[in-house]
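Chain and residue survey
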Amino acid sequence: MAAGAVARGYDRHLVGLADAGHEGPAPKRIVTGFGFWIFLLSDIVMFSCFFAAYAVLLGQTAGGPTGAELFNLRSVAVETACLLLSSFVCGMASIAADVSSHFWFQIAMAVTCVLGLAFLAIEFREFADLVARGAGPSRSAFLSAFFTLVGCHGLHVSAGILWLLTMMAQVFAKGFRADIRRRFLCFALFWHALDIIWVAVFSVVYLLGSAA
Amino acid sequence: MSDLHDISHRPDLAPGDVEGSVTIRVLGYLTGLGLAILLTATSFFVAGTDLVWLPSIPVAIIVLAIAQMGVHLVFFLHITTGPDNTNNVMALAFGLLIVFLVIGGSLWIMANLNQNMMPMDELMQMQR
């Protein structure tokens, strides 16, 4: 009797494995999301190289201005607030997309876009101010590393805003189709990942850079 | 056995996907936002204060940054330790390994060079 139960359990186990073997590939949403996750991780690895360069070159100011003399932490705090809130509102857009609410999706995406543009405007003003004060990327190795790292993040945010506007237009024109939902999943991942990189930027570049 | 059967048929989750009602999900994002604001504010406060022992400030800033990245991963990107998230976590672990090798390795090597080698400008002077 007991042996029979074990054998039956064993059979069911085998059947389960056999079924799993015949399930075929995972749903497309999972494959797409996972692939994009791999891309994001490779992007983070690329940023880690820029961070390493910045950390190594932090003291190489060639007699020029140091981070403590250049950085305005007040505007960095405002930038951080913009990007953090835009990441939160992007999460609201994800929920709106999942319940297929066109109205709330477009509102949340518009707010995300405005906050992202505010971030870019503050960053652009900061860069223009630095260049005007003679602290452009060619001044010292420290400033080259600074402009490369922060500028690369800024370029990612700019690309993200173009993608965001494309998503708004696609959802408006084509509705919440499965492929549009997959694209939006990738966009949301991208936007949240940019916020994670910004956490490293404001901590390492600005806070540690002005302490050193 | 039936448990095993169920687990083997439970589909994975894409990164960023999460199950639950709208209210629960909004609360999740709000929790993440609250924690992130708290950690960011602490970070900025610690950087500008002289209330704490000065050499501890860089360590504190780095610890706060890593904690905040964890908050973002859990509450915004929904990377969890559940069985439906194994692939996402494994990829993340590999990415983190490379990041630590690149950053840690560069800092280690360059600090060693700075310590053991003559500064570059003096070296250039000697070669003239």
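Notes on the structure in this doc start here. No experiment lies behind these values; they were computed from the predicted model shown. (Residues numbered from 1 in each chain as written. Chains lettered and ligands numbered in written order. Predicted model: local features only at pLDDT ≥ 70, side-chain atom pairs only at ≥ 80, totals over all residues. Heavy atoms only, no water.)

Digging into the interface of chain B and chain A
Taken together, the 47 residues of chain B in the interface contact 47 residues of chain A. In this assembly, chain B packs against chain A so that about 4,100 Å² is buried in total across both faces, 81% of it on carbon and sulfur atoms. At the boundary of chain B with chain A, the tally comes to two salt bridges. A salt bridge links A:Asp98 to B:Arg25; the shortest N-O distance between them is 2.8 Å. Linking chain B to chain A there are four residue pairs in polar contact (both at pLDDT 80 or more). When residues of the side of chain B that touches chain A are traced back to their parent elements, those giving at least two are helix H1 (2-9), helix H2 (22-48), helix H3 (56-75) and helix H4 (86-116) of chain B. Taken together, the residues that form the side of chain B that touches chain A break down as 31 nonpolar, 13 polar and three charged. (Contact = heavy atoms within 4.5 Å. Buried area = accessible area lost by both parts, 1.4 Å probe. Salt bridge = Lys/Arg side-chain N within 4 Å of Asp/Glu carboxyl O. Polar contact = N/O pair within 3.5 Å; in protein donor to acceptor, adjacent residues only side chain to side chain. Helix = DSSP H or I, 4+ residues; strand = E, 2+ residues; numbered from the N terminus. Nonpolar A, V, L, I, M, F, W, Y, C, P; charged D, E, K, R; others polar.)

What to know about the packing of helix H2 (residues 28-57) of chain A against helix H6 (residues 141-174) of chain A
Residues and elements named next belong to chain A. For the pair H2 and H6, interaxial distance at closest approach is 7 Å and the crossing angle is 155 degrees. Comparing the axis directions of H2 and H6 gives the class roughly antiparallel. H2 and H6 meet at a crossing whose hand is left-handed. Together, Phe36, Asp43, Met46, Phe47, Phe50, Phe51, Ala53, Tyr54 and Leu57 of H2 and Ala141, Phe142, Ala145, Phe146, Thr148, Leu149, Cys152, His153, His156 and Trp163 of H6 make up the contact between the two elements. (Axes fitted to C-alpha atoms, helices over the stretch in contact; angles between N-to-C directions. Parallel < 35°, antiparallel > 145°, perpendicular 65-115°, else oblique. Left-handed = near helix turned anticlockwise from the far one by under 90°.)

Quick look at the pattern of salt bridges
Across all of its chains, the model carries five salt bridges over all chains by this definition. Several salt bridges share partner residues, and in doing so they unite A:Arg177, A:Asp179 and A:Arg183 into one network.

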